[in-house]
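Given next are the chains, with one letter for each unit.
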Amino acid sequence: MDDVSEAPGARLVARLTEARETVACAESLTAGLVAATVADTPGASVVLLGGVVAYAAAVKTALLDVPAELVARVGTVDPEVAALMAEGVRRRLGSTWGLATTGVAGPGPSEGKPAGTVHVAVSGPSGTVTRALELNGTRAQIRSATVDAVLRLAVEETGATRQTPAPP
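The text that follows walks through the structure, step by step, so that each part is easy to find. (Residues numbered from 1 in each chain as written. Predicted model: local features only at pLDDT ≥ 70, side-chain atom pairs only at ≥ 80, totals over all residues. Heavy atoms only, no water.)

1. Some points on the overall build of the chain
Regarding its fold elements, the chain presents 6 helices and 5 strands. For the chain, the α and β elements follow one another from N to C terminus as α-β-α-β-α-α-α-β-β-β-α. Relative to its length of 168 residues, the chain is compact, with a C-alpha radius of gyration of 15 Å against a globular reference of 15 Å. Referenced to the eigenvectors of the C-alpha coordinate spread, the extents of the chain come out at roughly 45 × 30 × 20 Å. For the chain, the proportion of its 168 residues judged to be buried stands at 48%. In the chain, 64% of the contacts between residues at least 6 apart in sequence involve partners at least 24 apart. On the chain, roughly 7700 Å² of surface is accessible, and the fraction owed to carbon and sulfur atoms is 55%. Within the chain, one finds 14 positive and 17 negative side-chain charges whose respective centroids are separated by 3 Å. (Helix = DSSP H or I, 4+ residues; strand = E, 2+ residues; numbered from the N terminus. Rg over C-alpha atoms; globule rule 2.2 N^0.38 Å. Buried < 20%, exposed > 50% of the residue type's maximum accessible area, 1.4 Å probe, protein only. Contact = heavy atoms within 4.5 Å. Areas by Shrake-Rupley, 256 points an atom, 1.4 Å probe, with all protein chains shown as cover. Lys, Arg positive; Asp, Glu negative; His and termini not counted. Charge placed at Lys NZ, Arg CZ, Asp CG, Glu CD.)

2. Observations regarding the side chain of His 119
Counting through the fold element by element, His 119 comes out in strand β4 (residues 117–124). Given a relative accessible area of 10%, His 119 falls into the buried group. In this structure, His 119 is in contact with Val 77, Asp 78, Pro 79, Ala 82, Ala 100, Thr 101, Thr 102, Arg 131 and Ala 132, ignoring residues within four places of it in sequence.

3. Thoughts on helix α5 (residues 79–93)
End to end, α5 covers 21 Å across 15 residues, agreeing with the expected 21 Å (1.5 Å per residue, within 8%). Every buried residue of α5 is listed here: Val 81, Ala 82, Ala 83, Met 85, Ala 86, Gly 88 and Val 89. For α5, the side-chain oxygen to backbone nitrogen distance between the N-cap and Glu 80 is 2.9 Å, and the N-cap itself is Asp 78. In the stretch just after α5, Gly 94 is the one whose phi turns positive, near 70°. (Expected span 1.5 Å × (residues − 1). Polar contact = N/O pair within 3.5 Å; in protein donor to acceptor, adjacent residues only side chain to side chain.)

4. Considering the sheet that holds strand β1 (residues 23–27)
Read from one edge to the other, the open sheet built from 5 strands follows the order β2-β1-β3-β4-β5, with strand pairing classed as mixed. Each edge of the open sheet is held by one strand with a lone partner, namely β2 (48–53) and β5 (127–134). The sheet shows a mean angle of 15° between the axes of neighbouring strands, taken without regard to direction. Relative to β2, β1 runs parallel, the two sharing 5 bridges. Bridge assignment links Ala 24 to a residue of β2, and that residue is Gly 50. On top of the sheet, α5 reaches β1, β2, β3 (97–103), β4 and β5; it is set at about 145° to β3, its chief contact. (Pairing = 2+ DSSP bridges. Axes fitted to C-alpha atoms, helices over the stretch in contact; angles between N-to-C directions.)

Shown next as structure tokens:
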């Protein structure tokens, strides 16, 4: 786990396994790629509870408890929406950690925001953090970079970059 070149999905699985914690994913533009990337790691079934592909705004409101009023006011590509998605999936699936992605993969703009505008969030026992991204590239490149960004943020937030083990 000290190998920083190890893929962030594998690092996250190792950290959560060690800590006996779990993760769930709420995904919009990545449409399941975050959960699939975590599941690529052998042993992921110990920590990955599941995910919600919330591509449509109605799914974000109905399944992840993102207020419809907020979506009407700011749209779905917003840091608060990302945070609420992460918190919602964490609560709904009963996981220790919730990861969320929302944004514009392109090729054109959406909701008045250019392609590459992305927000990711990680929710856990100590709160929720978001990160705004401005990505470039093709639709596939933006989606892939989003997966990498949310997994790296999760590794940071879960303490996977620690050099010493977590206390019991």
